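The primary structure of each chain is shown beneath.
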Amino acid sequence: MITVQGLSKSFGNNVVLRDIRTEIRKGEVISIIGPSGTGKSTFLRCLNLLDQPSGGSIVIDGENILDRKTNVARIRQKMNMVFQSFNLFSHLSVLENLTLAPIRLKHIPQAEAEAKAMALLKLVGLAEKADSFPDELSGGQKQRVAIARCLAMEPEILLFDEPTSALDPTMVSEVLSVIRRLAKEGMTMLIVTHEMDFARDVSNRVFYMDQGLIYEEGTPQQIFENPQKERTRAFINRVRSFSYRIETPDYDLYAMNAEIEAFCEKQILPKKTRHNLLLLVEELLQLHTPFLRDTVLDVTISYSEKSERVTLLFESSGAAMNVLESDAMADDLGIVIIRNLCEQIDYRRQNDQNRLELLLKN
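Presented here is an overview of the structure given in this document. Quick caveat, the model's predicted, so the values are computed rather than measured. (Residues numbered from 1 in each chain as written. Predicted model: local features only at pLDDT ≥ 70, side-chain atom pairs only at ≥ 80, totals over all residues. Heavy atoms only, no water.)

Attention now moves to the pairing of strand β12 (residues 297–304). The buried fraction of β12 is high, at six of eight residues. Of the strand pairs in this sheet, strand β11 (residues 239–246) and β12 are connected by eight bridges, and their pairing is antiparallel. Considered in β12, the bridge of arginine 240 is made with tyrosine 303. Where β12 lies against strand β13 (residues 309–317), eight bridges are found, and the strand directions are antiparallel. Directly across from valine 299, in β13, lies its bridge partner phenylalanine 314. Connecting the antiparallel pair β12 and β13 is a turn made up of four residues, with glutamate 308 showing a positive phi of about 60 degrees. (Buried < 20%, exposed > 50% of the residue type's maximum accessible area, 1.4 Å probe, protein only. Helix = DSSP H or I, 4+ residues; strand = E, 2+ residues; numbered from the N terminus. Pairing = 2+ DSSP bridges.)

As structure tokens, this is what we get:
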């Protein structure tokens, strides 16, 4: 239904989208997730030409909408968009908001447009609000009216740009319920959302966008349970990380500890977790110190908001070096402390790199 090839978008020197390539089939529901500022909303706005792409092609039902000969107004009638901020006309009633475009653009008789509008208001559970004005509605009700207004034009494709981001948490579910119903009825939809459980539940495919690219795509099960790429995994698990590079045996342990403390405080980690993490780092550094004249040591602490777990990663290059199994290590007490603090320890050697990963006990 939609084929996108080499789509790019820049605002001056700021490149927002770069070489987007994808195909969207009729009846698919695609959720688009990713960090803020990675081009998700711009991608939607380019699809219906609210933002003019800088390059590439967008073909809808066999028609390149970037071709100057294309009737863009007619294409837009196939594709409607629901925004974060509702964009209802405040001086018109709910019913008038729904009938304005069908009467003006599709020349549908008023009585027919009103009958269709009432049917749509029943669909979104707001038939009793037909004569109300937007200012008399809650945020969730306004967004449901905005969805009904899009449906009044009988589109083949609906674009949702974070439809719940401006809502009070208590109102989110009523809007998501309407979108779920549309999905079951076979409406083709692209949804930019931060509601991960909803994206998992409603989608056929999920796009993870990062740095202006569709960085990874797949089924909800693949993206949420077994993402293949590092950035996707970090985003799904809401991982926050801190890294420190040690290049000499005379490193400043106190400065490093202060930065670790600041990271822990920012993540609001419990006092016991902070203490155990600092102790673990100190004991591991004691074991690694004899090797620091010959290698650089990268220390990374990661905290997953989703699992509330802390992972510690020590990486170095050069000869194989599993400090917890080496016979040359005399600090048996330190090794006992490390093993008691960790739930899981994994050493791997890959491409001349030593990777020692430790999962801290809760």
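What follows concerns the side chain of serine 316. Positionally, serine 316 belongs in strand β13. Residue classification places serine 316 among the buried residues on the basis of a relative accessible area of 4%. Discounting residues that sit within four places of it in the chain, serine 316 has contacts with Thr295, Val296, Leu297, Met321, Asp352, Gln353 and Asn354. (Contact = heavy atoms within 4.5 Å.)

Another aspect to go through is the packing of helix α11 (residues 271–288) against helix α12 (residues 332–341). Viewed as axis vectors pointing N to C, α11 and α12 meet at an angle of 140 degrees, and their least axial separation amounts to 10 Å. Looking at the two axes, α11 sits oblique to α12. Judged by the twist between their axes, the crossing of α11 over α12 is left-handed. Counting all contacts with α11, which are made through Asn276, Leu279, Leu280, Glu283, Leu284 and Leu287, the residues of α12 involved are Gly334, Ile335, Ile337, Ile338 and Leu341. Class assignment of the residues belonging to the contact of α11 with α12 gives a composition of eight nonpolar, two polar and one charged. (Axes fitted to C-alpha atoms, helices over the stretch in contact; angles between N-to-C directions. Parallel < 35°, antiparallel > 145°, perpendicular 65-115°, else oblique. Left-handed = near helix turned anticlockwise from the far one by under 90°. Nonpolar A, V, L, I, M, F, W, Y, C, P; charged D, E, K, R; others polar.)

A few words now on unusual backbone geometry. The phi dihedral of phenylalanine 86 is positive, around 70 degrees, even though this residue is not glycine. We note that histidine 107 has phi near 55 degrees; this positive angle belongs to a residue other than glycine. The topology assignment puts histidine 107 in the loop between α3 (94–105) and α4 (110–123). Taking the relative accessible area as the measure of exposure, histidine 107 reaches 64% and is therefore exposed.

Here we come to the packing of helix α5 (residues 139–151) against helix α6 (residues 169–184). Close contact between α5 and α6 brings their axes to 8 Å; oriented N to C, the two are set at 20 degrees. With respect to α6, the axis of α5 lies roughly parallel. Crossing geometry of α5 relative to α6 is assigned as right-handed. Counted together, Gly139, Gly140, Gln141, Gln143, Arg144, Ile147 and Leu151 of α5 and Met171, Glu174, Val175, Val178, Ile179 and Leu182 of α6 form the full contact between these two elements. Of the residues belonging to the contact of α5 with α6, the class tally is seven nonpolar, four polar and two charged.

Counted according to the given criterion, the structure contains four aromatic pairs. For the ring pair tyrosine 208 and phenylalanine 235, a centre distance of 5.3 Å and an interplane angle of 45 degrees mean the geometry is tilted. Here phenylalanine 235 lies in helix α9 (residues 230–236) and tyrosine 208 lies in strand β9 (residues 205–210), a separation of 27 residues in the sequence. Accessibility classification places tyrosine 208 together with phenylalanine 235 in one group, the buried group. One aromatic cluster in this structure is built from Tyr208, Tyr215 and Phe235. The ring of phenylalanine 11 has lysine 9 lying over it, and the distance from NZ or CZ to the ring centre is 4.7 Å. (Phe/Tyr/Trp six-rings, centres within 6.5 Å; stacked < 30°, edge-to-face > 60°. Lys NZ or Arg CZ within 6 Å of the ring centre and 35° of its normal.)

Taken together, the six strands give an open sheet; going across it, the order is β6-β7-β8-β3-β9-β10, and neighbouring strands pair in mixed fashion. Every other strand in the sheet has two partners, leaving β6 (79–82) and β10 (213–218) as the edge strands with one partner each. With direction set aside, neighbouring strand axes in the sheet form an average angle of 20 degrees. Relative to strand β8 (residues 188–192), strand β7 (residues 157–161) runs parallel, the two sharing five bridges. When the bridges of β8 are listed, aspartate 161 appears paired with valine 192. Strands β3 (29–33), β6, β7, β8 and β9 of the sheet are contacted by helix α1 (residues 40–47), whose axis makes an angle of about 145 degrees with β8. Docked against the sheet, α5 engages β6 and β7, running at close to 175 degrees with respect to β6.

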